[in-house]
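Coordinate analysis (summary)
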Amino acid sequence: MRLSIAAALATFSATILLYQLFEGGAWFWGSLGAVVSVLLASLISGRLSLAAWAAPLLSVGALWIYLTVAFAAEEAWALFVPTTDSVLEVARLLATGWADIQRYAAPVPANEAISLLTTGGVGLIAIIVDLFATRLRKAALAGLPLLALAAVPATILADPISWPAFILAALGFTGLLIADGRERVGQWGRAVLVRRTRLGDDRRPGATADTSGLRVSGKRIGFAAIALAVLLPALLPPMEPVSFFTFGVGGSGAGRGNSISIPNPIANLKGQLELPEQRTVLTYTNSDNRPRYLRIYSLDTFDGDQFGMTQPEGAPENRTENGPLPPPPGLGGGVELRHIQTTVAVSDEIAKLSFLPLPYPPREIRIDGDWRADVSSLMVFSTRDQAAGLEYQVATSEPVATADVLDSAPSSRQNIEERYLELPDDLPPAIVDLAHQETRGARTNYEAAVKLQEFFTDTGGFVYSLRTQGHGNSALADFLLHSRAGYCEQFAASMAVLARVVGIPSRVAIGYTGGTQIGGEWTVATNDSHSWPELYFEGVGWLPFEPTPTGSLGQGSARVPDYTRPQPEATADPTSPSPDRTSAAGSEEEQDPQSRRNVRELDREALLADGGLPPEDTTPVAAQIGIGAAVLLLVLLIPAAARLIVRSRRVRTLGWKVSGPADEVTARVVAGRHPAVAAAWAELDDVLCDYGMAREPSETPRQLARRLTEQYEFGSGPAAAVTSIASAVERVLYAREPGRIPPLGGDLREVRKALAATVSRPRRVRAVLLPPSTMRRLRNLGEGLLDGFDRLENIRLRRTAQKGA
């Protein structure tokens, strides 16, 4: 009873490690019920003294009844007796749960299907732990299924396992070991504690062994090991950064350990543009073979000196592995979408980069690592991984923006944050006057944006130059009002500021232009580093504009968006293939934070089918079942393979002929190095064990040979063979000079055949596939480990007794 309860507590304490994988507590109570049902079955098995093989069957039945009551009671007879309908319902839920865990990333919703899958798994672990600890009395081996349970969150979660949960799991397993030790010592255990008899110590011969010393010492060892496992890693330097970001353009982040600081994008931008030779940064291909800007950073705050970046927030539910990213801010219904699939390969020679270069707006990303999306900007970043050397796929659903669509966009800004319009109070009045002057006559935000872009690219007399220094308030005023010479940084920041002056939300993007097409792919080099403004239009979202001069007199690979230039009414070529387009009616209608979260959760599957990435090539179900069956078969064949290896080694040994001068043979016998006879005797012992004919420890070789011959009625050949083996063993063990020993391989084969003929076919099959001799070695190994702990305990108690004497 004690071991059954300890096994159940150990299983449930290890189950607590799973809490980070789920949302809600349905899985917790379901798992508790599964463990309790297995515990009740174990107690009944012990009460009825069932065989070791029958107890797990009773536990499986109890678990199945519990799962029926908890998840398929309506289809069961009398709410708990399984029926065909209840079995089908449970199977359906299991299939649904398996499909759900493939789609979601942790923490997954603990719906009915996932709860059933978790509850069933925990119940099976509880059965295995109970089998090892209670029936087979191998409590140490019970740690293996518990370790498998703990490995699930450790493998799936990027964050470390919670130390309180680890302590509870470790205490549960320690309690199981202590309970097993008390059972061993209390019922003719292994430890023999030698103490001097004290005056008045009237011990009766039948008294129960005192296990208090062993129990206290075991607790001390267990608690000390748990404390070291928790405290020691905390004292060691971390091997990788933890999930804390230090963001902010221009921020040094110096002296802040365990954080990731990004370099100043503005400073790096000019540095890459001034490199004497081009270096490839990345290459990409896409489904419509058109160049697109690849954004890395989005700068949304302006303090009068420079644009900065609000700290991105990457919640666990916004991991790229979860499927679609949050919907693009501002994208409303009725807008036609162009779905593009892009494959990006980043060079492994670039500097550290914790943000992904992506076309905007990304809707789904397939990439290895822990990458997360910021909801407001859709920047994708990681606190653990770097972009260098990665290849990833991106699905974008960009709005098909036209002059008519943008001109009819509402001027209201219900769904945009005020930081995209904030300007410093000390902004020079001349810049404010310039913005109003250049947008005079504009009826809509779109017309004002086009006028501002034309001011920089056409009417304003600006020139492209890398000699401009600085990016503060005075530099901005000098660029707009006097010099009118600069590179993309000045053009992007200046247009963003002027747009805010006239009431258009704006931000500055930093990344790369579309690059140059070489062969069948687009190549982006260091000279394609670029900065551009993004302006917000209600119902369409954020769109890039291009105020920087392009072509040979500017940034060569920069391109002016089509929606900012006059277009003929019919521009599409009906003979050319066009990208997939759909309406954005399925996008969010309300952009407040709570509505954005609800839309994202409810429309996740629709987004996968509408503008997402194609499903990955997966192995068919039949092939998965075949692979799983093959792996299971290989695992089951491990004992047979181990037995075959041992037998092959002995057969090679049996081929050695031991002969020569008598003194040489005697020397080898005395030293205990007679491989042929030792191999033959060990192999005969294993054959007897495999066929269920265990050799008695007190039997001499001659007595064993006589018993086998008489009990199994050997013929003259097998009788002579077993007698020959026994004689050789006795000569080696007892004779001063064993003399010449003939080869024993033939005799051993003769005896094996005779023994095999006396047992049933199932016994012979078991001897080959699951040989008891191999399992005996594993059992002896476990017992040897326990004996070692017992010896350590005896040493401690003996020293204590000696000191007391």
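On a predicted model such as this, the values are computed, not experimentally measured, just so you know.

Reading the values: rules and limits
- Residues numbered from 1 in each chain as written.
- Predicted model: local features only at pLDDT ≥ 70, side-chain atom pairs only at ≥ 80, totals over all residues.
- Heavy atoms only, no water.
- Helix = DSSP H or I, 4+ residues; strand = E, 2+ residues; numbered from the N terminus.
- Buried < 20%, exposed > 50% of the residue type's maximum accessible area, 1.4 Å probe, protein only.
- Contact = heavy atoms within 4.5 Å.
- Areas by Shrake-Rupley, 256 points an atom, 1.4 Å probe, with all protein chains shown as cover.
- Pairing = 2+ DSSP bridges.
- Axes fitted to C-alpha atoms, helices over the stretch in contact; angles between N-to-C directions.
- Salt bridge = Lys/Arg side-chain N within 4 Å of Asp/Glu carboxyl O.
- Phe/Tyr/Trp six-rings, centres within 6.5 Å; stacked < 30°, edge-to-face > 60°.
- Lys NZ or Arg CZ within 6 Å of the ring centre and 35° of its normal.
- Parallel < 35°, antiparallel > 145°, perpendicular 65-115°, else oblique.
- Nonpolar A, V, L, I, M, F, W, Y, C, P; charged D, E, K, R; others polar.
- Patch = residues over 30% accessible without salt bridge, like charges linked within 9 Å, V, L, I, M, F, W, Y side chains within 5 Å.
- Lys, Arg positive; Asp, Glu negative; His and termini not counted.
- Charge placed at Lys NZ, Arg CZ, Asp CG, Glu CD.
- Arc of directions from axis to C-beta.
- pLDDT = per-residue confidence, 0-100.
- Core = buried A, V, L, I, M, F, W, Y, C linked by side-chain atoms within 4.5 Å.
- Polar contact = N/O pair within 3.5 Å; in protein donor to acceptor, adjacent residues only side chain to side chain.
- Expected span 1.5 Å × (residues − 1).

With that settled, the discussion passes to the overall build of the protein chain. Tallying secondary structure elements over the protein chain gives 25 helices and 21 strands in all. Buried residues in the protein chain amount to 46% of all 805 residues. Pairs at least 24 apart in sequence give 74% of the contacts found in the protein chain among residues at least 6 apart. On the protein chain, roughly 41400 Å² of surface is accessible, and the fraction owed to carbon and sulfur atoms is 58%.

So, on to the sheet that holds strand β19 (residues 529-537). Picture the strands of a sheet paired through backbone hydrogen bonds; they go either parallel or antiparallel. Ordered by their spatial adjacency, four strands build an open sheet running β6-β16-β19-β20, and the pairing between neighbours is antiparallel. On the outer flanks of this sheet lie β6 (294-299) and β20 (541-544), each paired with one strand and no other. The average angle at which neighbouring strand axes cross in this sheet is 35°, direction not considered. Of the pairings in the sheet, the one linking strand β16 (residues 506-512) to β19 comprises seven bridges and is antiparallel in character. Pairing of Gly 511 across the sheet is with His 530, part of β19. Against the sheet, helix α14 (residues 488-501) contacts β16 and β19, and its axis sits at roughly 15° relative to β19.

What follows covers the pairing of strand β18 (residues 521-525). Side-chain positions along a regular strand alternate between the two faces of the sheet. Within β18, four of the five residues are buried, which leaves it mostly tucked inside the rest of the structure. Where strand β5 (residues 280-286) lies against β18, four bridges are found, and the strand directions are antiparallel. Bridge assignment links Leu 282 to a residue of β18, and that residue is Val 524. As judged from the three bridges shared by strand β17 (residues 516-518) and β18, these two strands associate in the antiparallel manner. Paired with Thr 516 across the bridge in β18 is Thr 523. Hairpin connection of β17 to β18: two residues between the antiparallel strands, including Gly 519 at a positive phi of 70°.

Our next topic: the environment of Phe 173. Following the sequence through the fold, Phe 173 ends up in helix α7 (residues 163-186). In the structure, Phe 173 is positioned 159 residues away from Ala 14 in sequence and 8.2 Å away in space, judged by C-alpha atoms. If sequence neighbours within four positions are ignored, Phe 173 has contacts with Ala 10, Ala 139, Ala 140, Ala 142, Gly 143 and Leu 146.

Below, the discussion takes up the pattern of salt bridges. The final tally for this structure, using the stated rule, is 23 salt bridges. Of the charged contacts, one joins Arg 776 and Asp 685 as a salt bridge, the two residues approaching to 3.2 Å between their closest N and O atoms. You can see Arg 776 sitting in helix α25 (residues 772-804) and its partner Asp 685 sitting in helix α20 (residues 675-690), a full 91 residues away along the chain. Given the relative accessible area of 21%, Arg 776 is considered partly exposed. The exposure class assigned to Asp 685 is buried, which follows from its relative accessible area of 17%.

What follows deals with the packing of aromatic side chains. Taken as a whole and assessed by the stated rule, the structure comprises 18 aromatic pairs. Put simply, the rings of Phe 455, Phe 456, Phe 462, Phe 479 and Phe 491 pair up and form one aromatic cluster. The ring of Trp 542 carries the charged tip of Arg 507 above its face, separated from the ring centre by 4.1 Å.

Its location among the elements puts Thr 118 in helix α5 (residues 112-135). Residues in contact with Thr 118, not counting those within four places in the same chain, are Leu 18, Phe 22, Trp 27 and Ser 31.

The next thing to look at is the packing of helix α21 (residues 701-711) against helix α22 (residues 716-734). Running from N to C, α21 and α22 point in directions that differ by 170°, and their axes come no closer than 8 Å. One finds that α21 runs roughly antiparallel with respect to α22. Contacts between α21 and α22 involve Pro 701, Arg 702, Ala 705, Leu 708 and Thr 709 on the former and, on the latter, Ala 719, Val 722, Thr 723, Ala 726, Val 729 and Glu 730. Tallied by class, the residues present in the contact of α21 with α22 amount to seven nonpolar, two polar and two charged.

On the surface, a cluster of negative charge is made up of Asp 303, Asp 305, Asp 425 and Asp 426. Along the polypeptide, Asp 425 turns up in the loop between α10 (403-407) and α11 (429-438). A residue is classified by how much of its surface remains accessible, and Asp 425, at 83% relative accessible area, is exposed.

Next up on the list: the pairing of strand β10 (residues 362-366). Across the five residues that make up β10, a large majority, four, are buried. Sheet analysis places β10 next to strand β13 (residues 391-399), joined by four bridges and oriented antiparallel. Counted as the bridge partner of Glu 364 is Ala 395 from β13.

Most peptide bonds take the trans configuration, and most residues that are not glycine carry a negative phi. Residue Pro 361 follows Tyr 360 across a cis peptide bond; omega there is -5°. Along the chain, the position of Pro 361 falls in the loop between β9 (336-346) and β10. With a phi angle near 50°, Arg 484 is a residue other than glycine that sits in the positive phi range. Structurally, Arg 484 can be placed in the loop between α13 (473-483) and β15 (485-486).

All of the buried residues along α11 are Ile 431, Leu 434 and Ala 435. End-on view of α11: buried residues confined to an arc of 100°, all on one side of the axis.

Here we take up the confidence of the model for the protein chain. Reading fine detail from the predicted coordinates is not recommended where pLDDT is low. Mean pLDDT over the protein chain works out to 75, with 72% of the residues at or above the 70 mark. Taken as a whole, residues 213-217 scores under 50 in pLDDT and shows eight contacts with residues more than four places along the chain or in a different chain.

Turning our eyes to something else, we now look at the nonpolar core. What tends to happen in soluble globular proteins is that the nonpolar side chains get buried as a cluster. Ranked by size, the top nonpolar core spans 69 residues in total, and within it Tyr 392, Phe 456, Leu 480 and Phe 537 carry the most contacts. Top element by residues in this core is α14. It accounts for nine residues. Beyond its immediate stretch of four places on either side in the chain, Phe 456 contacts Phe 462, Phe 479, Leu 480, Phe 491, Ser 494, Met 495, Leu 498 and Pro 547. Residues Phe 12, Trp 27, Val 108 and Ala 133 belong to the second largest nonpolar core, which totals 42 residues.

Let us look at the environment of Tyr 392. Looking at the element boundaries, Tyr 392 is found in strand β13. When the C-alpha positions of Tyr 392 and Thr 343 are compared, they lie 5.8 Å apart, and in sequence the two are 49 residues distant. Side-chain polar atoms of Tyr 392 contact the backbone oxygen of Pro 357, separated by 2.8 Å.

This part takes up helix α1 (residues 2-15). Residues spaced three or four apart along an α-helix face the same direction, because each turn holds 3.6 residues. With 14 residues, α1 extends 20 Å between its outermost C-alpha atoms, agreeing within 8% with the 20 Å of an ideal straight helix rising 1.5 Å per residue. Where burial is concerned, most of α1 is hidden: 11 out of the 14 residues are buried. Of all the residues in α1, the buried ones are Leu 3, Ser 4, Ala 6, Ala 7, Ala 8, Ala 10, Thr 11, Phe 12, Ser 13, Ala 14 and Thr 15.

Our focus in this paragraph is a nonpolar patch on the surface. A surface patch of nonpolar side chains, about 670 Å² in accessible area, is lined by Leu 633, Leu 637, Val 765, Val 768, Leu 769, Leu 770, Met 775 and Leu 778. For the nonpolar patch, the elements supplying multiple residues, two or more each, are α24 (761-769) and α25. For the nonpolar patch, the leading source of residues is α24, giving three residues. Along the chain, Leu 770 turns up in the loop between α24 and α25.

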